[in-house]
Structure formats: structure tokens, C-alpha cells
Amino acid sequence: MSGNSLVLPIVLWGRSAPTHCISSLLVLDDLTAVITGCHDGQICIWDMTPELEINPRALLFGHTASVTCLSRATAGSDKQYLVSASESGEMCLWDVSDGRCIEFTKLTCAHTSIQFHQFTIGTQREGRLLCHGRYPEILVVDATSLEVLYSLVSKISPNWISSMSIIRSHRTQEDTVVAVSVTGILKVWIISADVSRMQDLDPVFEEESKPIYCQGCQSISFCTFTQLSLLVVCSKYWRVLDAGDFSLLCSVPSENNQSWAGGEFIAADKVIIWTEDGCSYIYKLPVSCLPASEHFRSNVGKKAEGSIPLLVYSIEDRADKQLLICPPVTRFFLGRRELLIQGDSAGRLTVWIHDTLSSPPPELQESVSISLQEAFDKLKPSPAGIIDQLSVQPGSNEPVKVTASVYIPSQGRLVCGREDGSIVLVPATQTAIAQLLQGEHMLHRGWPPHRTLRGHRHKVTCLLYPHQVSPRYDQRSLVSGADDFSVIVWDVFTGEMKHIFCVHGGEITQLIVPPENCSVSFLHCSERFLSRH
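What you see is a predicted model; the values in this text were computed from it and never measured.

Undergrad: How would you summarise the overall build of the chain if you had to cite specific residues and measurements?
TA: Regarding its fold elements, the chain presents 6 helices and 37 strands. Counting all 533 residues of the chain, 50% fall into the buried class. Long-range contacts, defined here as pairs at least 24 residues apart, represent 48% of the contacts in the chain between residues at least 6 apart. For the chain, the exposed surface amounts to about 26300 Å²; the carbon and sulfur share of it is 52%.

This is how it looks when you write it as C-alpha cells:
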């Protein structure tokens, strides 16, 4: 493109939705969108209407590894930003309205949880991200620049943090951070106005450290209704603690080999707890756990009668649980409406509304359930794939699937390997126009010129154009690998098969150009091979 280096990426998914094995999810405070991150590294923005109709709007690409956590990054509704983190240490700040990546940074440590909080700094309230993960402190990050400002550090028994909760004091200018380490040590940090101003990476040490013997902690949450209780969920049991001295008020073990995965207070006297396999339970707390009751703390230090929470409602096993690749992700959100949301490995979102007025149960009513594939199936006309019109199979409505592709900018060509072993070379721009602008005027023009290469017996798994990586390779050479254990070198201009290698190690999963720092003899060997054949 003369005088303009702008490249606009276009994605044509075809009729099959991309995989979206959900690893994390978030609901915006105004309930206008649900955000999901997946193990492939993508983030999906799902628009949500007041009637709780959900439809996917955008797929964001910015991570090279599984998305571990999501958090809002602004307090108001005028600008809606979210922050995401991945297993490789990447952090991205996104604009939810248009999907732009505003900031990006990469740290040497991987976050497993991020919480947004507004701290008081003088007369202003500034957004901060509190991050913890596979490192022995809590990092306080600027929500706008993603710059690490300071860290909350343990003097006593430092270790990775499993879960964390932020408690805001309505009486003072101080905020309290309560966290549980992987070894079951509860930590307390006080964030005063002076600490909030810090930006010189000086560590802030804990005010209190106490063993509560909660190993395998999955979540810790503060009761916003009473501001006097903490809910600690571990894989083998969940417990309610007094937020004053962290004494035990009640405890419920897991049953039937289930593992608790998280929980929240949904009322002063009720909690919702969910399991790793997607079941959810609502419990009514005993009077010994209720600060308003005269029997509050009556069972501290002893096993009092009536201190066992009562199970009042449950969502049992899903029928398709055996079909799921990974455990589902479940979250409960308190706001204008109280929602229980679950995302699974099939890219499906399921939403339940918590009806606080229902008596007797049910208290959770399923409102909507939709997957990416179901959303694709509803689109009219059906989403176009890049070479769908060239891939029609006799007697079938489904085109032959594209299983590998490579774009050659210098030639303006797109090379697509398919599941039947064939390879199709098409002019990229003309082909995209033909698929996107479907209409009578396109039918008269016919399909753009293309070439089909046949040599593999099974699915093409990878393609490589070596000259695009290094100019030392011949411009004519195209290399393909397949499920039939073969590697083929093609002449990209004539379509001639130059050479075929049949290895016996198995499916070819990747083709790589040797790096420049390889030995001269090795590089010379690869150059001669591709030019000779």
C-alpha cells in the first residue's frame, strides 16, 4: 500500500464458532455486559439487555496464554474499562465500548486475581488494582497506566496469596485488605491515606498475621450487609468468621467427593456456595452467626446446638457435565439485580436470577442460557468463511473445514489447508470481498481465480512460507504438514509438488524456520534443501 502502512485485520469465522473454554468471567456494574476470558487467551464481550437477553458482540485478542482473571478498571459508568491478566504475566486494559486495548504490560509474575478499588488520596479518589497470584505479596497497580505503585508484603510466614477481600471503613479514611495465604495464614493490611500516596515501591507490611487453618482457600468475602462477618471457602469446607477477631462461627464440610469453589453473602443470614463441578447451594446461617441476634458468637469455642447452617435451595448436577472439558466458572454478582452466572468449556453462559422475595423456594430461577455456537446459528445470513463457496461437499450443507492457514503479504495470497488434505491458494482481498459482499452483483462476477493443491491424504495441520520469515529462503517454496505424518514442499507459483517426506513419528503439529543463530552448516543445509527441491 503506497504511502499507507495501515493494515486492517478481518476475521471470517464461518459457520463454526471459535472455541471458547471459559476460564474467568465478569459482569459490569450496570449489567449491560458480561465479559468472559478463555483458556485460548481471547476475551469475549457479551451484551446484556435489561430483560437479560445475552448476545456476543466482540472477541478481543491480546493475550498469548490462558486468561486467569478479569476486573473492572473504572468506578463510573461514563467510561467502562476492564483489565485482564494471563498465565504468561500479561496485563491488558480494554475499552469495553469499542474493544480497544488501551494499555499493555508484561510482568515476570502471573496474577490469579485482580480487584479494583478506589483509595482516598487527599481529596481525590483514585482507582487501584490489587493483584495477587503466584508470588508472595499483593501488588498495588495504577488502574490507568498499569504501573506497579507499591506492594503489600508479609513479614511473618510470607507465601503465595490464595484469596483476598477489601473492606472499606465508613468511619475512617482507612481501607483494610484481608487475605489468606496458601498455607492458611490470614493477613491484614491497613491502607491509610498516607499509604495510598506512596509511589516509590516501598513495601507495606501486614498489621496482623493469624493462622486460621484454611488451606486450599478458594475465596474470601466480606458481608456488606452487617460488615461484621467473613465467608471463607476452602475446597473441603466453608466457614463463617467474625470479622473482628476472626474467630470461627460455623463450618460446613463438602460431601460426596465435591470440592467447594467459591461463595458470597446474599443476605445478612444467607450465603450461596458453589462447587467445582457447577452445583450451587443456598444456606441459611444459624443465629450464632448473625450480629443482630442475642445469640451471636454463642458457639465460639464450643460446638453449640443449632450452629449448623440449613440448606434451603440447591442447583444440582448439570446433565452435560460429563461432556465438559474443564470445570465451569461460577460467580455471584450483587447489584441492581442479583445474578448467579456460570460459564463452561463449551463457550456457554447460563444466568440465574436470585429472587429475594420468593417464599417458599425456588430462590434461583434460570433466566437465559446461550453458547457462542448457538449465537452463530441464529445469524441470518450464516457467517461466511473465507473459502466456503469453494468448500461445498456433495450432499452436505457443511463446507470442508479449514484447519490451517498462512497469509503471504508479498503476493497478496491466502493459503488454506483443509480437513480433507487439500490446500487452496486464493487472492486474499478479492476472496474476502466475495464472501462479505454477498449479493447478485457478486454472483455475476464469479469466484476469484484460485488453485487447489492435492498431496496429503488427511487433515492439513500446519503451513509455512519460509521466505516470509527469512529472505534467505526461495520465494517459490511453501511447506505443509498433515495428519498423515507427511511434510510436502510445494512451488507456490506453479502448484507443483517438489518433494514429500513421510515421517513415522506421528501427526505434524508445527513447522518452524531455524533461527539466525543456528550453525552455518545447518542453515546452509535448509536453504539448499528448499531451493534444490
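Undergrad: Quick rundown of the sheet that holds strand S36 (residues 486-491)? Include the residues and the values.
TA: Strand order in the open sheet made by the 4 strands is S34-S35-S36-S37, with antiparallel pairing throughout. Both edges of this open sheet fall to strand S34 (460-464) and strand S37 (497-502), since each of them pairs with a single strand only. Along the sheet, successive strands turn relative to each other by an average axial angle of 20°, direction set aside. As defined by bridge partners, strand S35 (residues 477-482) adjoins S36 across 5 bridges and the pair is classed as antiparallel. What sits directly across from Gly-481, in S36, is Val-487.

Undergrad: Report on the environment of Thr-176, specifying residues and quantitative values.
TA: One can find Thr-176 in strand S14 (residues 175-181). C-alpha of Thr-176 to C-alpha of Trp-189: the two residues are 13 residues apart in sequence and 5.7 Å apart in space. In contact with Thr-176, not counting residues within four places along its chain, are Ser-165, Ile-166, Ile-167, Val-188, Trp-189 and Ile-190.

Undergrad: Lay out a nonpolar patch on the surface with the relevant residues and their values.
TA: Residues Val-11, Trp-13 and Phe-61 make up a contiguous nonpolar surface patch of roughly 310 Å² in combined accessible area. Tracing the backbone through its elements, the reader meets Val-11 in the segment before strand S1 (22-27).

Quick notes on the rules
Residues numbered from 1 in each chain as written. Predicted model: local features only at pLDDT ≥ 70, side-chain atom pairs only at ≥ 80, totals over all residues. Heavy atoms only, no water. Helix = DSSP H or I, 4+ residues; strand = E, 2+ residues; numbered from the N terminus. Buried < 20%, exposed > 50% of the residue type's maximum accessible area, 1.4 Å probe, protein only. Contact = heavy atoms within 4.5 Å. Areas by Shrake-Rupley, 256 points an atom, 1.4 Å probe, with all protein chains shown as cover. Pairing = 2+ DSSP bridges. Axes fitted to C-alpha atoms, helices over the stretch in contact; angles between N-to-C directions. Patch = residues over 30% accessible without salt bridge, like charges linked within 9 Å, V, L, I, M, F, W, Y side chains within 5 Å. Salt bridge = Lys/Arg side-chain N within 4 Å of Asp/Glu carboxyl O.

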